[in-house]
Amino acid sequence: KSTFNALDTAVFIGTVKHKLVDVNKAAEDIFGYTRDELLQLPSEKLHVDRAHYIEFGKHVHHALQHNKTVRFEFEGRRKNGEIFPTEHVISWLWQDNGKPLGMLSIVHDISERRRAENAIRESEHKYRLLAENASDVILFLDKKLQITYASPSLKRLTGFLERDVCGQALKDILTQDSFHEAEEFIRCARQKKVFAWSKDNEMRLELEHLRKDGTTFWAEDVVLPSYN
């Protein structure tokens, strides 16, 4: 019982007919109801509306049919009416004779995770708008110096399209001498761990680039690290 109430995720224990018989403290905190209120409350009240409740029942029915634990994301409703995202893990409790005794439902409030995911998506969207409308060429390289992304401005400057260079090596868009210079610079920077953006440590190189038509041009390249 102590472990049951110490969990920071909501735990619901119900009968095979979906009637709640016990909940933990986290269930009260997450949904805003007292334990007594939850035990008296129709399960439908914890869902957005009846349609959501019916859809939720289909997931539960799937678990019963296949005798297995199911995990899925769904929306819940707090006592104050707030709709919030949840992750459900549902499994069945079994008697010694193999017959179902009841249902165990673990509910995670994933509001913070969703906010973080939305912030990342928004950041990526803003970055893409910036990258795709920048006049300077932006390239992403992996650890093997293979090109994984090229901004649309590449075509104006070199004649290459993004699909022409993605998957290609950095050496394919630089003259041989400039590639060796860039390669040596990056190798030394990695060894000395000088990859940091600061006013006193601007990693800038002047390199000779190749155009699609075979001509070359000189450009200033700013090298920045990208971290996972």
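In what follows, the structure referred to is the one given above.
Note that the coordinates shown come from a computational prediction; the quantities given were computed from them, not determined experimentally.

Rules and cut-offs
Residues numbered from 1 in each chain as written. Predicted model: local features only at pLDDT ≥ 70, side-chain atom pairs only at ≥ 80, totals over all residues. Heavy atoms only, no water. Pairing = 2+ DSSP bridges. Helix = DSSP H or I, 4+ residues; strand = E, 2+ residues; numbered from the N terminus. Axes fitted to C-alpha atoms, helices over the stretch in contact; angles between N-to-C directions. Contact = heavy atoms within 4.5 Å. Polar contact = N/O pair within 3.5 Å; in protein donor to acceptor, adjacent residues only side chain to side chain. Core = buried A, V, L, I, M, F, W, Y, C linked by side-chain atoms within 4.5 Å. Buried < 20%, exposed > 50% of the residue type's maximum accessible area, 1.4 Å probe, protein only.

S.K.: I would appreciate a short explanation of the sheet that holds strand 3 (residues 70-77) in the present structure.
M.R.: Strand pairing in a sheet relies on backbone hydrogen bonds. The paired strands run either parallel or antiparallel. The antiparallel open sheet is built from five strands, whose spatial order is 2-1-5-4-3. The outermost strands of the open sheet, each flanked by one partner alone, are strand 2 (20-23) and strand 3. When strand polarity is set aside, the average angle formed by the axes of neighbouring strands in this sheet is 30 degrees. Against the sheet, helix 5 (residues 111-133) touches strand 3, strand 4 (83-94) and strand 5 (100-109), its axis set at about 130 degrees to strand 4.

S.K.: Got a minute to help me understand the side chain of Thr-86 in this structure?
M.R.: Locating Thr-86 in the fold gives a position in strand 4. Within the structure, Thr-86 has its side chain in polar contact with the side chain of His-88 (distance 3.1 Å). Among all residues touching Thr-86, those that are not within four sequence positions of it are Phe-72, Glu-73, Phe-74, Glu-75, Gly-76, Val-107, His-108 and Ile-110.

S.K.: Just checking my understanding: could you explain the nonpolar core for this structure?
M.R.: One recurring pattern in soluble globular proteins: nonpolar side chains tend to sit buried together. One finds Val-165, Leu-170, Ile-173, Leu-174 and Ala-182 to be the most contacted residues of the largest nonpolar core, which totals 14 residues. The set of elements that each furnish at least two residues to this core consists of strand 7 (147-150), helix 8 (176-192) and strand 8 (204-210). In terms of residue count, the dominant contributor to this core is helix 8 (three residues). The residues contacting Val-165, other than those within four sequence positions of it, are Ile-147, Ala-150, Leu-154, Phe-160 and Ile-173. Tyr-33, Leu-38, Leu-39 and Phe-84 belong to the second largest nonpolar core, which has 13 residues in total.

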